[in-house]
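Here's the letter readout for the chains.
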Amino acid sequence: MERNRQPNACRQMSVVEAAWIGAMLEAEGCCIWYDNNGSRTVRATIVNTDPEIMSACLRLTQTGRVTGLLRERHRLCFHWNLNPWNSVQSFLGQVAPYSMKAQVALKEMDNRA
């Protein structure tokens with residue numbers, strides 16, 4: 001299946017930045033496969049209650065979206081989500097040396113491209 005090959009939307013990060021956000025993905029994140037109008041696609045997500053961490057995710061990647069979820073008797077929980085295929089692929093490629101989750105997701109993306 002041919003994917004929309006748009007220009008890379010994820011900022012090129014330094015090694016230190018990629019290591020930090022790769023560790024965040026490994027510790028507090030996931031890569032989720034889901035159906036989008038009949039085609040399978042992927043989303044990278046990092047979840048945390050600290051808004052500064054979400055702000056750092058946005059600053060480092062210069063892409064993605066942050067949403068908040070408030071449940072009864074729980075703290076406000078923030079989700080940084082990265083959806084477009086090309087952005088997720090670029091992001092995972094940069095953080096893969098620091099995250100097994102990124103490595104697995106990249107292999108799966110290669111199988112589906």
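Here we summarise the structure given alongside this text.

1. Topic: the sheet that holds strand β2 (residues 39-48)
The four strands are arranged β1-β2-β4-β3 in an open sheet whose pairing can be described as antiparallel. Unpaired on one side and paired on the other, β1 (29-36) and β3 (65-69) mark the two borders of the sheet. Neighbour-to-neighbour, the strand axes of the sheet open up by a mean angle of 30 degrees, direction not taken into account. Strands in contact with helix α1 (residues 15-28) are β1 and β2; relative to β2, the strand with the most contacts, it is inclined by about 95 degrees. Sitting on the sheet, helix α3 (residues 85-95) is in contact with β1, β2 and β4 (77-82), with an inclination near 55 degrees to β2.

2. Here we look at the environment of Arg59
Tracing the backbone through its elements, the reader meets Arg59 in helix α2 (residues 51-61). A C-alpha to C-alpha distance of 16 Å links Arg59 and Asn48, two positions 11 residues apart in sequence. A distance of 2.8 Å separates polar atoms of two side chains, one belonging to Arg59 and the other to Ser55.

3. Topic: the nonpolar core
Among the nonpolar cores identified, the biggest contains 28 residues, and Ile21, Leu25, Ile46, Phe91, Leu92 and Val95 are the most heavily contacted of them. Looking at this core, the elements with two or more residues in it are α1, β1, β2, α2, β4, α3 and α4 (100-112). If one sorts the elements of this core by residue count, α3 sits on top with five residues. Apart from residues lying up to four places away in sequence, Ile21 is in contact with Met13, Ile46, Cys57, Leu60, Thr61, Phe91 and Val95.

4. Some details on α1
Counted at 1.5 Å a residue, the expected span for α1 with its 14 residues is 20 Å, and the 20 Å between its end C-alpha atoms agrees. Where α1 is concerned, the buried positions are Ala18, Ile21, Gly22, Met24 and Leu25. Down the axis of α1, the smallest arc covering the buried residues is 155 degrees, so these residues share one side. Exposed residues on α1 whose side chains face more than 90 degrees from its buried face are Val15, Val16 and Ala27. Buried positions along α1 lie against β1, β2, α2, α3 and α4.

Definitions and cut-offs
Residues numbered from 1 in each chain as written. Predicted model: local features only at pLDDT ≥ 70, side-chain atom pairs only at ≥ 80, totals over all residues. Heavy atoms only, no water. Pairing = 2+ DSSP bridges. Helix = DSSP H or I, 4+ residues; strand = E, 2+ residues; numbered from the N terminus. Axes fitted to C-alpha atoms, helices over the stretch in contact; angles between N-to-C directions. Contact = heavy atoms within 4.5 Å. Polar contact = N/O pair within 3.5 Å; in protein donor to acceptor, adjacent residues only side chain to side chain. Core = buried A, V, L, I, M, F, W, Y, C linked by side-chain atoms within 4.5 Å. Buried < 20%, exposed > 50% of the residue type's maximum accessible area, 1.4 Å probe, protein only. Expected span 1.5 Å × (residues − 1). Arc of directions from axis to C-beta.

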